[in-house]
Amino acid sequence: MSLLNTVMLAAESAGLGAIGAGIAALAAGVGIGQIGKGAVESIARQPEAAGDIRSNMILTAAFVEGVALFGVIAGLLAVVLK
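Attention here is on the structure that accompanies the text.

We now examine a nonpolar patch on the surface. Among the surface-exposed residues, Leu-69, Ile-73, Leu-76, Leu-77, Val-79, Val-80 and Leu-81 lie close enough to one another that they form a single nonpolar patch of about 660 Å² accessible area. Inspection of the secondary structure assignment puts Leu-76 in helix α2 (residues 50-81). For Leu-76, a relative accessible area of 45% gives the class partly exposed.

Printed below as a string of structure tokens:
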């Protein structure tokens, strides 16, 4: 019975890791979408600042993508190492 419990616990934590990786990827997509939306609205309101807004948008999106990458890697490691 203990072997079956061990297998079930491993499968459960592996599934949670995969779910966590998916949530991290989805959240990053939503976050970068919000960053892009705000940048487009800002450029529409003040077109002369388009260059500064665009560079700040790209920098912020890169930071969000980096954090999301850590989340996805942590989730996938939970799947692989279990």
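Now that the structure is up, let's keep going.
A word on α2. Taking 1.5 Å per residue, 32 residues should reach 46 Å; α2 reaches 46 Å between its end C-alpha atoms and fits that length. Within α2, the full set of buried residues consists of Ala-50, Ile-53, Ala-61, Ala-68 and Gly-75.

This next bit is on the pattern of salt bridges. Throughout the structure, instances matching the rule amount to 1 salt bridge. For Glu-41, the salt bridge identified is with Lys-37, shortest N-O distance 3.8 Å. Of this pair, Glu-41 and Lys-37 both sit in helix α1 (residues 2-45), 4 residues apart, roughly one helical turn. Accessibility expressed as a relative area gives 46% for Lys-37, which makes it partly exposed.

What counts as what
Residues numbered from 1 in each chain as written. Predicted model: local features only at pLDDT ≥ 70, side-chain atom pairs only at ≥ 80, totals over all residues. Heavy atoms only, no water. Patch = residues over 30% accessible without salt bridge, like charges linked within 9 Å, V, L, I, M, F, W, Y side chains within 5 Å. Areas by Shrake-Rupley, 256 points an atom, 1.4 Å probe, with all protein chains shown as cover. Salt bridge = Lys/Arg side-chain N within 4 Å of Asp/Glu carboxyl O. Helix = DSSP H or I, 4+ residues; strand = E, 2+ residues; numbered from the N terminus. Buried < 20%, exposed > 50% of the residue type's maximum accessible area, 1.4 Å probe, protein only. Expected span 1.5 Å × (residues − 1).

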